[in-house]
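What the coordinates show
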Amino acid sequence: VLEDGVYSDVRFDDEQPPPLRELAPGHVIYCDSLSKTVGGGLRMGWIAARGPVFDRLAMLKLNSDFHTNTLSQHITARFLAAGLYEKHLAASNPFYRERRDLMMEALEKHLAGEYRAERPNGGHHVWVQLLRPLDERALYREAVRQGVTFTPGGTVTVERPPLTSLRLSFSLVDPDDLDEGVRRLARALREVRRRERYSATVPVS
Ligand SMILES: Cc1ncc(COP(=O)(O)O)c(C=O)c1O
C-alpha cells in the first residue's frame, strides 16, 4: 500500500486520523512532502518504508536525479526538528480554512440546487458534483471563456464519474476573487444549459 500523505497536514475542523502506516508499518509505504504546506518550489519530500523496499526506493531516486540538493535537505531537517513546521501549520491552516469557507458560501450563493459538495475537512480543493448531467468539455470551454478554470472530474478519475464532477481549487485564489470565480462558473453553467436546451429543439435538416 502506498499512502500519499501530502495533504494530511492541511486540516481544518478536527485532528487528522492516524496514518495507515502507523497501523500497519510492514505493509505501507508512506510518502509526504512540504509541497502543499510550505512551498511546492522547495521540491522537498520524504518516504517512510522498511528494509529492501526502502533501499530500492533510495536507489531509484539516486538513479533518477542523483539526489535532492543537500543544503535544502539540511535546512528542511532543521526546520522540522525545531518545531517550526507545526508553527507554520498553525498559521497556514486558518488561512486555507477561510478560503474553503468562502468557496462553500459562494457555491451556495451562485449554484444552489445545482450541485452537491461535501465541505472538505482539509486540502486545497472542493469536489463538486452537478445534479443534472452536462457536457463537461462544453462547460470547461465556456468557463475558460468566462475567465475561470477548474479540473474536470473526468481528467482525474479512472472511471467516468456518474455525475459531472469538478475539482475547484481555493488555495491560490484571493478571498475577494473566490465569489467572482464561482459567479462566473455559474454563468458558464447557465450558458451551456441554455445552449443544450436550444440545440435539443433545433430540427435536424
Ligand atoms: C495528491 C498529491 N500527491 C503528491 C504530490 C506531489 O508532491 P510534490 O510536489 O512534493 O512532488 C502532489 C502534488 O501535486 C499531489 O497533489
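In short, a report on the structure. (Residues numbered from 1 in each chain as written. Predicted model: local features only at pLDDT ≥ 70, side-chain atom pairs only at ≥ 80, totals over all residues. Heavy atoms only, no water.)

Let's shift gears to the site of the ligand. The environment of the ligand is made up of D4, V6, Y7, S33, S35, K36 and R43. Within the side chain of D4, a nitrogen or oxygen atom sits 2.5 Å from a nitrogen atom of the ligand. Note that an oxygen atom of the ligand is positioned 2.6 Å from one of the side-chain N or O atoms of S35. Contact with the protein chains covers 54% of the free accessible surface of the ligand, which is 400 Å². (Near = heavy atom within 4 Å. Polar contact = N/O pair within 3.5 Å; in protein donor to acceptor, adjacent residues only side chain to side chain. Areas by Shrake-Rupley, 256 points an atom, 1.4 Å probe, with all protein chains shown as cover.)

The description of an aromatic ring pair rests on the distance of the ring centres and on the angle between the ring planes. For the structure shown, the criterion picks out 4 aromatic pairs. Both rings, one in F12 and one in F170, keep their centres 6.4 Å apart while their planes meet at 55°; by these two values the pair is tilted. Here the residue F12 occupies a position in the loop between β1 (2–4) and α1 (20–23), and F170 occupies one in the loop between β7 (165–169) and α6 (175–201), the gap between them amounting to 158 residues. Taking the relative accessible area as the measure of exposure, F170 reaches 0% and is therefore buried. (Phe/Tyr/Trp six-rings, centres within 6.5 Å; stacked < 30°, edge-to-face > 60°. Helix = DSSP H or I, 4+ residues; strand = E, 2+ residues; numbered from the N terminus. Buried < 20%, exposed > 50% of the residue type's maximum accessible area, 1.4 Å probe, protein only.)

As for its placement among the helices and strands, A106 is situated in helix α4 (residues 84–111). The class for A106 is buried, based on a relative accessible area of 1%. Measuring from C-alpha to C-alpha, the distance between A106 and Y7 comes to 23 Å, with 99 residues separating the pair along the chain. If we skip the residues at most four places from it in the chain, A106 touches L111, L178, D179 and V182. (Contact = heavy atoms within 4.5 Å.)

Let us look at the pairing of strand β2 (residues 29–33). Within β2, 4 of the 5 residues are buried, which leaves it mostly tucked inside the rest of the structure. Pairing of β2 with strand β3 (residues 45–48) involves 4 bridges; the strand directions are antiparallel. Across the sheet, D32 pairs through a bridge with W46, a residue of β3. (Pairing = 2+ DSSP bridges.)

Turning our attention to the nonpolar core. Ranked by internal contacts, the top residues of the largest apolar core, which has 28 residues, are L107 and L139. Listed by contribution, the elements that provide at least two residues to this core are α4, β5 (125–130), α5 (136–146), β7 and α6. Per-element tally for this core: the top contributor is α6, with 7 residues. If near-sequence neighbours (up to four positions away) are discounted, L107 is found in contact with A112, Y115, V126, V128, L168 and V182. (Core = buried A, V, L, I, M, F, W, Y, C linked by side-chain atoms within 4.5 Å.)

Counting through the fold element by element, T164 comes out in the loop between β6 (151–152) and β7. Exposure remark for T164: the relative accessible area of 11% places this residue in the buried category. From its side chain, T164 meets the backbone oxygen of L134 in a polar contact 3.1 Å long.

Running from N to C, α4 and α6 cross one another at 30°; their axes reach a closest spacing of 9 Å. The two elements α4 and α6 meet at a crossing, and its hand is right-handed. Between α4 and α6, the contacting residues are E98, R99, L102, M103, A106, L107, K109, H110 and L111 on the first element and P175, L178, D179, V182, R183, L185, A186 and L189 on the second. (Axes fitted to C-alpha atoms, helices over the stretch in contact; angles between N-to-C directions. Left-handed = near helix turned anticlockwise from the far one by under 90°.)

Moving on, we get to a nonpolar patch on the surface. A cluster of nonpolar side chains, contributed by V1, L20 and L23, occupies part of the molecular surface with about 330 Å² of accessible area. Note that L20 resides in helix α1. You can call L20 partly exposed: its relative accessible area is 43%. (Patch = residues over 30% accessible without salt bridge, like charges linked within 9 Å, V, L, I, M, F, W, Y side chains within 5 Å. Salt bridge = Lys/Arg side-chain N within 4 Å of Asp/Glu carboxyl O.)

Strand order in the open sheet formed by 4 strands is β4-β5-β7-β6, and the pairing between neighbours is antiparallel. The sheet terminates laterally at β4 (115–117) and β6, the two strands that pair on one side only. Here α4 sits on the sheet in contact with β4, β5 and β7, set at roughly 165° to β4.

That's the geometry; what it means functionally is another story.
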